[in-house]
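# Survey of secondary and tertiary structure
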Amino acid sequence: MQVAILMIHVAIAIALVVLILLQQGKGAEAGAAFGGGASQTVFGSRGTGGFLSRTTAILAAAFFATSLTLAYFATQAGQAPEAGIPDARLIEQQRGLPTLDDEARDVDNTAPVLEESDD
């Protein structure tokens, strides 16, 4: 379900980008005086403005709805695991390896002391 909504979300996002790029800017009406008005006959006398604006608004509402739905699914997925490096003892216990605490304790691990020479 979540994957299907995500795919719809991506398709809507791509369609929104295409529709927004197809729309004319505010100063584009001046081009109609030089013969650019013939392309508006496909979408009626108002041109593509009404159709593209309405379609963009519908797709924007659908994009908002799918965004909220995906956010809801993300919150219901559960808590994220803790970030960071796990404790070394926990890793060694999971692998069944001996830990550092399991070593013999009678071994002298102190560093040797250097003899001082009196010159």
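Refer to the preceding data block for the structure.
The text that follows walks through the structure, step by step, so that each part is easy to find. (Residues numbered from 1 in each chain as written. Predicted model: local features only at pLDDT ≥ 70, side-chain atom pairs only at ≥ 80, totals over all residues. Heavy atoms only, no water.)

Within the largest apolar cluster, five residues are counted, these being Ile12, Leu16, Leu19, Leu52 and Leu59. Among the elements of the structure, α1 (2–22) and α2 (49–76) are those that each provide at least two residues to this core. It is α1 that provides the largest number of residues to this core, a total of three residues. Apart from the residues lying within four places of it in its own chain, the contact partners of Leu19 are Leu52, Thr55, Thr56 and Leu59. (Core = buried A, V, L, I, M, F, W, Y, C linked by side-chain atoms within 4.5 Å. Buried < 20%, exposed > 50% of the residue type's maximum accessible area, 1.4 Å probe, protein only. Helix = DSSP H or I, 4+ residues; strand = E, 2+ residues; numbered from the N terminus. Contact = heavy atoms within 4.5 Å.)

Among the surface-exposed residues, Leu6, Val10, Ile14, Val18 and Leu22 lie close enough to one another that they form a single nonpolar patch of about 450 Å² accessible area. Here Val18 lies in helix α1. (Patch = residues over 30% accessible without salt bridge, like charges linked within 9 Å, V, L, I, M, F, W, Y side chains within 5 Å. Areas by Shrake-Rupley, 256 points an atom, 1.4 Å probe, with all protein chains shown as cover. Salt bridge = Lys/Arg side-chain N within 4 Å of Asp/Glu carboxyl O.)

Moving on, we come to the environment of Ala11. For Ala11, the location among the structural elements is in helix α1. You can call Ala11 partly exposed: its relative accessible area is 45%. Each C-alpha atom of the pair Ala11 and Phe63 lies 9.4 Å from the other, and the pair is 52 residues apart in sequence.

Within the element layout of this structure, His9 appears in helix α1. Looking at His9, the relative accessible area reads 14%, which means it is buried. Within polar-contact distance, the side chain of His9 engages the side chain of Thr66 at 2.7 Å. Setting aside chain neighbours within four positions, we find His9 in contact with Phe63, Thr66, Ser67 and Leu70. (Polar contact = N/O pair within 3.5 Å; in protein donor to acceptor, adjacent residues only side chain to side chain.)

Below, the discussion takes up the packing of aromatic side chains. Going through the model one piece at a time under the given rule, you end up with one aromatic pair. Ring geometry for Tyr72 and Phe73: centres 6.2 Å apart, planes at 50°, overall tilted. For Tyr72, a relative accessible area of 49% translates into the label partly exposed. (Phe/Tyr/Trp six-rings, centres within 6.5 Å; stacked < 30°, edge-to-face > 60°.)

Turning our eyes to something else, we now look at α1. The terminal C-alpha atoms of α1, which comprises 21 residues, lie 30 Å apart, in line with the 30 Å expected from a rise of 1.5 Å per residue. Here α1 has its buried residues at Ile5, His9, Ile12, Leu16 and Leu19. Taken down its axis, α1 places every buried residue within 95° of arc, on the same side. More than 90 degrees from the buried face of α1, the exposed residues found are Val3, Met7, Ile14, Leu21 and Leu22. (Expected span 1.5 Å × (residues − 1). Arc of directions from axis to C-beta.)

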